[in-house]
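The lines below spell out each chain.
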Amino acid sequence: MKRYLFGILTAAFLLLFLAGCTADYVPDDYIGKTSAEIISEYGVFDYTGMPVSSDGLYRNCQCGYTIIESQKSFLGSSSEVLLLITFDANGVAIACEEGYRPGG
């Protein structure tokens, strides 16, 4: 009985632990949506490559959300990692990838 209880508790712990290792984002959640739809669902972008157009959409640019904050230490600092979303001329997301803030 103890063996089964231990096995069940171990399996539950591993399931909960490994579920936290999945990515917080799925590129398909962004591609095909306008910047306004993405902002209403996920909040304001942490990085914008261009100012917003008169109709409230980002066009022909990349915008992004911070995935990993930069870490400062005694030996220097690490780079901030962003989820960069590329928008076309119509303001629709056409690509999504991890990257670094342009210009440092």
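Quantities reported herein were computed from a predicted structural model and do not represent experimental measurements.

Side note on the packing of aromatic side chains
All chains considered together, the criterion is met by 4 aromatic pairs. Where Y30 meets Y42, the ring centres are 4.9 Å apart and the plane angle is 40°; that geometry is what we call tilted. Here Y30, found in the loop between α1 (2-19) and α2 (35-42), pairs with Y42, found in helix α2; they are 12 residues apart in sequence, far enough to count as distant. The class for Y42 is partly exposed, based on a relative accessible area of 32%. When the ring of F45 is compared with that of Y58, the centres are 5.7 Å apart and the planes differ by 80°; the resulting orientation is edge-to-face. You can see F45 sitting in the loop between α2 and β1 (47-48) and its partner Y58 sitting in the loop between β1 and β2 (61-68), a full 13 residues away along the chain. By relative accessible area, which is 13% here, Y58 ends up buried. One aromatic cluster is present, built from ring pairs that chain together F45, Y58, Y65 and F87.

Quick look at the nonpolar core
Counting residues in each nonpolar core, the largest one holds 13 residues, and the members touching the most others are Y30, I38, F45, I85 and F87. Listing elements by their share of this core, those giving two or more residues are β2, β5 (81-87) and β6 (93-100). Filtering out sequence-adjacent residues up to four positions away, F45 remains in contact with S35, I38, I39, Y58, C63, G64, Y65, I85 and F87.

A look at the side chain of E80
Here E80 is to be found in the loop between β4 (76-77) and β5. A distance of 3.0 Å separates a polar atom in the side chain of E80 from a polar atom in the side chain of T66. Within the structure, the side chain of E80 is placed 3.0 Å from the side chain of R101, a separation counted as a polar contact. Here E80 is in contact with T66, I68, E69, S70, G99, Y100 and R101, once residues within four sequence places are set aside.

Brief notes about the sheet that holds β5
Pairing is antiparallel across the open sheet formed by 4 strands, whose spatial order is β1-β2-β5-β6. Each edge of the sheet is formed by a strand with only one pairing partner; in this case those strands are β1 and β6. Of the pairings in the sheet, the one linking β2 to β5 comprises 7 bridges and is antiparallel in character. The partner of T66 across the bridge, within β5, is L82.

Some details on the pattern of salt bridges
Per the counting criterion, the structure on display carries 3 salt bridges. K33 is the salt-bridge partner of E41, the closest N and O atoms lying 2.9 Å from each other. Looking at E41, the relative accessible area reads 47%, which means it is partly exposed. What makes K33 partly exposed here is its relative accessible area of 23%. Here E80 makes a salt bridge to R101, at a shortest N to O gap of 3.0 Å. Remark: R101 occurs in the segment after β6 and E80 occurs in the loop between β4 and β5; sequence separation between them is 21 residues. Exposure remark for E80: the relative accessible area of 18% places this residue in the buried category. Using a relative accessible area of 27% as the deciding quantity, one classes R101 as partly exposed.

What counts as what
Residues numbered from 1 in each chain as written. Predicted model: local features only at pLDDT ≥ 70, side-chain atom pairs only at ≥ 80, totals over all residues. Heavy atoms only, no water. Phe/Tyr/Trp six-rings, centres within 6.5 Å; stacked < 30°, edge-to-face > 60°. Helix = DSSP H or I, 4+ residues; strand = E, 2+ residues; numbered from the N terminus. Buried < 20%, exposed > 50% of the residue type's maximum accessible area, 1.4 Å probe, protein only. Core = buried A, V, L, I, M, F, W, Y, C linked by side-chain atoms within 4.5 Å. Contact = heavy atoms within 4.5 Å. Polar contact = N/O pair within 3.5 Å; in protein donor to acceptor, adjacent residues only side chain to side chain. Pairing = 2+ DSSP bridges. Salt bridge = Lys/Arg side-chain N within 4 Å of Asp/Glu carboxyl O.

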